[in-house]
Structure formats: structure tokens, C-alpha cells
Amino acid sequence: MDPCQAAEIEAALPALLERFYARVRADAELGPVFNDAVGDWDHHLATLADFWSSVMLTSGRYKGDPMAVHLRHAARIPSEMFGRWLALWTETTGEMMSPPVAAVMQAKAARIAQSLDAALHFRLPEVATPRPTAS
């Protein structure tokens, strides 16, 4: 990513995330889950800005564990919900970012959604380890 694109992302993150999560919060499918899970939206949006800065720009600002956070809410996050989240992300990044930056952010979000979905819903069953038999 060139320095101009990195600067565009860093500068746009607060407004981008505010608009995106306003849509998420108002969404009939996503809103109830997010609104129940997030108590302090200002803090959450700042954390998300750190997350996206770290993901897109390798800034190292984010120090959390997104997988653990999402696992706490797994029962309320069906796989189909990721498609809706991605549709809103694509719409918002498409409106607010230059086309090349929007495309990169959309691709990254799709990979993140795929990873979270797999972690939440596609666990292999535990296999019992056979005990050695006495001879």
C-alpha cells in the first residue's frame, strides 16, 4: 500500500467507522446483537479504529483479542449475519474511500469475516484418544 493510501485510511477511519456502525446499530438483523454487546460506543469505536489501523497499516495500535470477544456472543451470531455485515461494510467503504482503498478494505473485511465465522461455527468434534490395552 502506498503512503497516500495509508494516509487516506488513517484519516478516514473515525468517520468511516462512525457511519458504518450507525448503520449496523440501525440494522434490523445486526442492531440487536451489537447494541446488546456494546455498552460504550465511543470506547468501542476508538478500539475499532485501533483494530483497523493495525489490520490495514500494521500500526500495532490494537492490543485486543477479537476472536475471544466474538466467541462470547457466538450463540447470537449465525453465519448469515456475516454477509449482512459485509454488505454494509462494502456500501460504506464504497461511499467514503477511493475505489482502490475501498477494494482493499473490503477484501480484508471478507477474510476477517470468514475467519470469525469459521472460529464460531465450524469446530471439529473432539476425538477421543484410545487408551492403550493391557497385554
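Everything numeric in this text was worked out from a predicted model, so none of it was measured.

Caption draft 1: Examining the layout of surface pockets more closely. Here the largest pocket is characterised by a volume of approximately 740 Å³. Taken together, 31 residues line the largest pocket, and the ones lying closest to its centre are Phe34, His44, Leu48, Val69 and His70. Tallying contributions element by element places helix 3 (residues 41–57) first for the lining of the largest pocket, with five residues. Across the lining of the largest pocket, the residue classes tally to 20 nonpolar, seven polar and four charged.

Caption draft 2: A look at the packing of aromatic side chains. Tallying each qualifying case throughout the model produces nine aromatic pairs. With a centroid separation of 5.0 Å and 85 degrees between ring planes, the pair formed by phenylalanine 20 and tryptophan 89 is classed as edge-to-face. Placement of the pair is phenylalanine 20 in helix 1 (residues 3–26) and tryptophan 89 in helix 5 (residues 79–96), with a sequence separation of 69 residues. Both residues of the pair, phenylalanine 20 and tryptophan 89, belong to the buried class. Here tyrosine 21 and tryptophan 41 contribute two aromatic rings whose centre-to-centre distance is 5.8 Å and whose plane-to-plane angle is 45 degrees, an arrangement assigned as tilted. Placement of tyrosine 21 in helix 1 and of tryptophan 41 in helix 3 is noted, with a sequence separation of 20 residues between them.

Caption draft 3: How the structure looks around the packing of helix 1 against helix 3. Close contact between helix 1 and helix 3 brings their axes to 9 Å; oriented N to C, the two are set at 135 degrees. With respect to each other, helix 1 and helix 3 are oriented oblique. Between helix 1 and helix 3 lies a crossing of right-handed hand. Between helix 1, through Ala6, Ile9, Glu10, Leu13, Leu17, Glu18, Tyr21 and Arg25, and helix 3, the contact on the second element is made entirely by Trp41, Leu45, Leu48, Ala49, Trp52, Ser53, Met56 and Leu57.

Caption draft 4: How the structure looks around helix 1. A rise of 1.5 Å per residue sets the reference length of helix 1, with its 24 residues, at 34 Å; its end C-alpha atoms lie 34 Å apart and thus fit the reference within 8%. The sharpest bend along helix 1 measures roughly 55 degrees and falls at leucine 13, with the proline proline 14 sitting one to four residues further on. For helix 1, the set of buried residues is Gln5, Ile9, Ala12, Leu13, Leu16, Leu17, Phe20, Tyr21 and Val24. Residues of helix 1 that are buried make contact with helix 2 (31–37), helix 3, helix 5 and helix 6 (99–121). Measuring from the side-chain oxygen of the N-cap residue of helix 1 to the backbone nitrogen of cysteine 4 gives 2.9 Å; that N-cap residue is aspartate 2.

About the cut-offs
Residues numbered from 1 in each chain as written. Predicted model: local features only at pLDDT ≥ 70, side-chain atom pairs only at ≥ 80, totals over all residues. Heavy atoms only, no water. 1 Å grid on protein atoms, 1.4 Å probe; cavity = no way out; pocket = protein on both sides within 12 Å on 5 of 7 lines; lining within 4 Å. Points joined across faces, edges and corners; volume = space filled by probe spheres on them. Helix = DSSP H or I, 4+ residues; strand = E, 2+ residues; numbered from the N terminus. Nonpolar A, V, L, I, M, F, W, Y, C, P; charged D, E, K, R; others polar. Phe/Tyr/Trp six-rings, centres within 6.5 Å; stacked < 30°, edge-to-face > 60°. Buried < 20%, exposed > 50% of the residue type's maximum accessible area, 1.4 Å probe, protein only. Axes fitted to C-alpha atoms, helices over the stretch in contact; angles between N-to-C directions. Parallel < 35°, antiparallel > 145°, perpendicular 65-115°, else oblique. Left-handed = near helix turned anticlockwise from the far one by under 90°. Contact = heavy atoms within 4.5 Å. Expected span 1.5 Å × (residues − 1). Bend = angle between axes of the 7 residues up to and from the residue. Polar contact = N/O pair within 3.5 Å; in protein donor to acceptor, adjacent residues only side chain to side chain.

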